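Observations on chain architecture
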Amino acid sequence: MNNASKVSSKYKLVSFVALAFIIFTVQSKDKLHLPGSFHNNLTAVQDTTKPRKKFTLPDTAPANTDTVPTGNKIIRNDTTILIERKDTIDFKISKDSLDAVVEYNADDSMILDVPSKKITLYGKKTATQYKDNNLTAPIIEFDQATGNIIASIKRDSSGKVIALPTFTQADFKSQSDSIRFNMKSGKGITKSTYTQQGEMYVYGETIKKINADVFYAKRARITTCDLDTPHFAFVSNRIKFISKKLAITGPVHPEFEGVPIPIYLPFGIYPLSQGRHSGFLMPSFSSNQQLGLGLEGLGYYKVLSDYWDVIVRGNLYSYGGWTLNINPKYTKKYRYNGNLSLNVQEFKQNFKGDPDYSKNRSYNVQWSHNVDSKARPGVSFSANVNAGSSSYNRYVPNNPYKNFSNQLSSSITYSKNGTLEGLGEGWKDKPYNLTISANHNQNTNQKLINVNLPDVAFNLSTLYPFRKREAVGTPKWYENLGIGYNGNAKSLFSFYDTTSNIFRHILDTFQWGAHHSIPISLSLPPVGAFQFAPSISYDETWYQRKFIRRWDSTKNKVDTTMTRGLYTARQMSFGMGVSTRIFGMFTSKNKDAKIQAIRHEMTPSLSFNYNPDLNGKNYYITQIDTFKNKGQFSVFEGNVFGPYGSGKFGGLSFGIDNNLQMKVRNKKDTGENAIKKIMLIDGLSINGNYNLVADSFALSNFTVNAHSSLFNSKLNITAGANIDPYDVDASGRRLKTLLWKRKPLSFGRLVNGNVSLSTQFRGGDKTKKASNQPQARTNDYPAGYSSDEYQNELAYIRNNPGEYADFNIPWSVNFSYALRFDKVFKSDYSGFENQFNQDVTFSGTLNLTPKWQMGINSFYNITQHSLGMIAVSISREMHCWQMAINLSPVGLTRFYSITISPKSGLLRDLRINRTRSFYD
């Protein structure tokens, strides 16, 4: 052995003795921070024969220059050069060194084996950290020579597991019986490992990790059940996982409660990526009395771009029917979102050769578009379109709510409003408001389509012409005089979807008109407790045609004539209103009384209005039947905008609103919440008017409305009534005399009224949040639903309440009652008859056991003694699965369905479903 080797060995011996002394005198739970080079040279041999680098003069210095070294300076004769001296240590880096520091701590103890270059850590919370690799285990062994870390399980004397090794790298987390990981290559092998990938829980007897994103599992199972022994799983001998992308298996079969099911698939692909990704949409099977066996919901979802995607779905039925739906959706965050739905369906009734055989093909288009209000402040655009064949709703399968809906409507609106200067894209600092819309409504029973295109509204916000640009002091009363403008112009046309020449029909029914209104108002300061508000309004309407009826005595019928052109009519009104508020309070003198105070607030209002007769000339009287009965009509009847009323009006409009509150003391509570406010009457209003210039029937009908919420909003009551103050004769016709003259204590005749009550009760802990139940069957798309799609989802929830059960609520009861009363003429006009209509809606749920729940939802018409559709549901909570049975045995549409499906959204298409429906 040469001298250099002897010196190196002595240096190693002294170094390791010192290291061992330091390690065992420091508390084992603290981290041991070693110099940056020490961990690389723990057992490396120092090369002491290599010479150190020495300081030399620059090559550019002349050879004959005299230099005098002084400290860190070298002084030349002609100049002084300041050169920084640095101590340098040159060493050879060990080949087995790592790229980063390994941080570790031992909860119990540590053994350092210098000859074999191994460190073993012991303790329940022993951990090592290398880059983004974190390992926690009861026993960890690090081999510096190979770079391997080995972690193993620990058991007590009875064989019970005390602690398991856990490994984390980036998004990969696992718990295993044993782990072998190489710090240099980043590869590792684990035994009996549990890990999670998105919603999937993975168990593998052996898992081999290739890098941070890819690992392989041997004899593995995947499931969405979070139990160590899952209720169900898919088992395969080989699985490859690509983090946040997908899992690919070889031959795979399902297991339930550990029992293998002999159904094998040659391979499996399971998406792990979050967000949107293209793929097939699984169908469900159904049975329909009219359509036969069905395969419903078969389709494909395609991601077109970051902003667009599309769903294509179809239904196939054994009797020859089919449907096709193409549903593109688009969204741009903070800008806009929407969706388009194109539907076509064809159904056959009965079979060819039958006398009642029929075939129907119908279409439907739906479009919904919304713009974020912050995208273009002052400018907005929205669309909600639902149009199609009149027979479309009638043939939609398994949707009784749509089958009996006979109205379709659409609206497309663009608006531009005035904005503050420098904000938005509207009229900057201007009081203008413009709205342009196109509307459509369709009666599918009459097959009549009405279109309002365009409909333009322009408004000028109230201007105050007498106000100064820069207000100084209190404004004068006349400075509050304001004037505005409201204008509306629109055109209408209609046609039947069965008309052969639609364009000719549109030209025949085309109408247009315009309406202008100029309101003038004055805001006066309060006079004591009263607020006065004078107003003046000027209206003008432009009409397209005049419509006149004349009695033809020769043919004994009414003839009509129509004259087209531009015609105008005007109306003015003057008014003065006054309002105030009156308070009444009752306070108990006993501080311990149950009722502490009662507060009554009244808001009376009174206004005088005068309308001169500017339109009497536009009315005429003509005979209408052979009994020489006559009627009064306006020449502008049937136009886009209705005619003004005839005669002058000068009268009073009056009304009063009330609310009643009460403060009660809770004797069991002595804190701040001891006194509680209760609303007895939220609102009770009475309104009417009196015409001072009318020769008869000067007093109008009284409208009465009331609403209240009692018992902490447990009981909601709403009521309304229309009361006629005039008497009637034996045939039911109104007389000019008030009913009060004959019945002094009577307020009037009840013409119509309504009362509704609703309540809801539920058991369980009110402070406990409801469980996270699966939402309505929506796809995870950012675009919103159209109103028709939303109604479809509500219909599905109503038909399948068992799929949305909340087992945290042991019981619940919902009840509502409605009563409607009308007094109408008999068919022979011999008097009035009273018509009552009462109905009850009720629903409820009851947990039969903690895992079984039963629910019911129904409607009953008391007047007609008819029971509406009853929906009964039975739900079974099965941890990671849920079973729902939905049954509707009564009604025009009867059906039942049995569904067993996983709760996870990842496997929502993996369901067992049996559905059948029948039509009465």
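Being a predicted model, the structure only gives us computed values, none of them experimental. (Residues numbered from 1 in each chain as written. Predicted model: local features only at pLDDT ≥ 70, side-chain atom pairs only at ≥ 80, totals over all residues. Heavy atoms only, no water.)

Quick look at the overall build of the protein chain
When helices and strands are counted, the protein chain shows six helices and 56 strands. A burial count over the protein chain gives 33% of its 920 residues as buried. Here the analysis covers contacts within the protein chain between residues at least 6 apart in sequence; of these, 51% occur between residues at least 24 apart. Surface exposure of the protein chain reaches about 55300 Å², of which carbon and sulfur atoms provide 57%. (Helix = DSSP H or I, 4+ residues; strand = E, 2+ residues; numbered from the N terminus. Buried < 20%, exposed > 50% of the residue type's maximum accessible area, 1.4 Å probe, protein only. Contact = heavy atoms within 4.5 Å. Areas by Shrake-Rupley, 256 points an atom, 1.4 Å probe, with all protein chains shown as cover.)

Quick word on the pattern of salt bridges
Applying the stated criterion across every chain yields a total of 15 salt bridges. One salt bridge connects E601 with R599, and the closest N-O pair in it is separated by 3.8 Å. Classification of R599 as partly exposed rests on a relative accessible area of 26%. (Salt bridge = Lys/Arg side-chain N within 4 Å of Asp/Glu carboxyl O.)

Side note on the pairing of strand β42 (residues 649–665)
In terms of strand pairing, strand β39 (residues 595–611) meets β42 through 16 bridges, oriented antiparallel. By the bridge assignment for β42, Y610 is matched with G650. Bridge analysis of β42 against strand β43 (residues 675–691) gives 14 bridges, and the strand direction is antiparallel. Note that in β43 the partner of L660 across the bridge is I681. (Pairing = 2+ DSSP bridges.)

Overview of unusual backbone geometry
With omega at -10°, the peptide bond leading from L453 into P454 counts as cis. Summarising the element assignment, P454 is placed in strand β33 (residues 448–463).

Quick word on the nonpolar core
Within the largest apolar cluster, 37 residues are counted, with the highest numbers of intra-cluster contacts made by I222 and F241. For this core, the elements supplying multiple residues, two or more each, are β6 (118–130), β7 (133–143), β8 (148–152), β13 (178–182), β15 (200–209), β16 (214–223) and β17 (232–242). Those residues in contact with I222 that sit more than four places away from it in its chain are M200, Y201, V202, A233, F234, I239, F241 and Y270. Counting residues in each nonpolar core, the second largest holds eight residues, with Y543, A569, F636 and Y644 among its members. (Core = buried A, V, L, I, M, F, W, Y, C linked by side-chain atoms within 4.5 Å.)

Focus on the environment of I150
Residue placement: I150 occurs in strand β8. For I150, a relative accessible area of 28% translates into the label partly exposed. It is 5.7 Å that separates the C-alpha atoms of I150 and I179, two residues lying 29 residues apart in sequence. If near-sequence neighbours (up to four positions away) are discounted, I150 is found in contact with I139, I140, E141, I179 and R180.

Here we look at a nonpolar patch on the surface
On the surface, I536, F574, M576, L606, F608, Y610, L652, Y690, L692 and V693 cluster together to form a nonpolar patch covering roughly 800 Å² of accessible area. The set of elements that each furnish at least two residues to the nonpolar patch consists of β37 (557–579) and β39. Here the nonpolar patch gets three residues from one element, more than from any other, and that element is β39. By secondary structure assignment, the location of L652 is in strand β42. (Patch = residues over 30% accessible without salt bridge, like charges linked within 9 Å, V, L, I, M, F, W, Y side chains within 5 Å.)

Details of the state of the cysteines
What the rule picks out here adds up to zero disulfides. Just so you know, C225 is unpaired, no disulfide at all, and the nearest cysteine sulfur is the one on C880, 3.6 Å from it. Taking relative accessible area as the criterion, C225 reaches 1% and is therefore assigned buried. (Disulfide = S-S within 2.5 Å.)

Focus: the environment of D682
When you line up the elements, D682 lands in strand β43. Between the C-alpha atoms of D682 and S708, which are 26 residues apart in sequence, the distance is 4.9 Å. Once residues within four sequence positions are removed from consideration, D682 is found in contact with N658, N659, H707, S708 and S709. Side-chain polar atoms of D682 contact the backbone nitrogen of S709, separated by 3.2 Å. (Polar contact = N/O pair within 3.5 Å; in protein donor to acceptor, adjacent residues only side chain to side chain.)

Brief notes about the packing of aromatic side chains
Overall, the coordinates contain 24 aromatic pairs when judged by the stated rule. With a centroid separation of 6.1 Å and an interplanar angle of 45°, the aromatic rings of F234 and Y270 are classed as tilted. In this pair, F234 sits in strand β17 while Y270 sits in strand β21 (residues 268–271), placing the two residues 36 residues apart along the sequence. The rings of F232, F234, F256, Y270 and W881 are connected pair by pair, giving a single aromatic cluster. Here the guanidinium or amino end of K332 rests over the ring plane of Y307, the centre of that ring lying 5.5 Å away. The aromatic ring of F633 is capped on one face by R549, whose charged end is 4.4 Å from the ring centroid. (Phe/Tyr/Trp six-rings, centres within 6.5 Å; stacked < 30°, edge-to-face > 60°. Lys NZ or Arg CZ within 6 Å of the ring centre and 35° of its normal.)

Remarks on the pairing of strand β12 (residues 172–175)
Burial along β12 is one-sided: F172 and S174 are buried, while K173 and Q175, pointing the other way, are not. Both strand β11 (residues 166–169) and β12 contribute to a ladder of four bridges, which runs antiparallel. Across the sheet, Q169 pairs through a bridge with F172, a residue of β12. A loop of two residues connects β11 with β12, the two strands running antiparallel in sequence, and A170 in this loop sits at a positive phi of about 55°. As judged from the two bridges shared by β12 and strand β14 (residues 188–197), these two strands associate in the antiparallel manner. Residue Q175 lies in a different strand from β14, and its bridge partner there is Y194.

Considering the side chain of S437
Turning to its location among the elements, S437 is positioned in strand β32 (residues 432–443). Look past the residues within four positions of S437 in its chain and what remains in contact with it is I412, T413, N452, P454 and D455.

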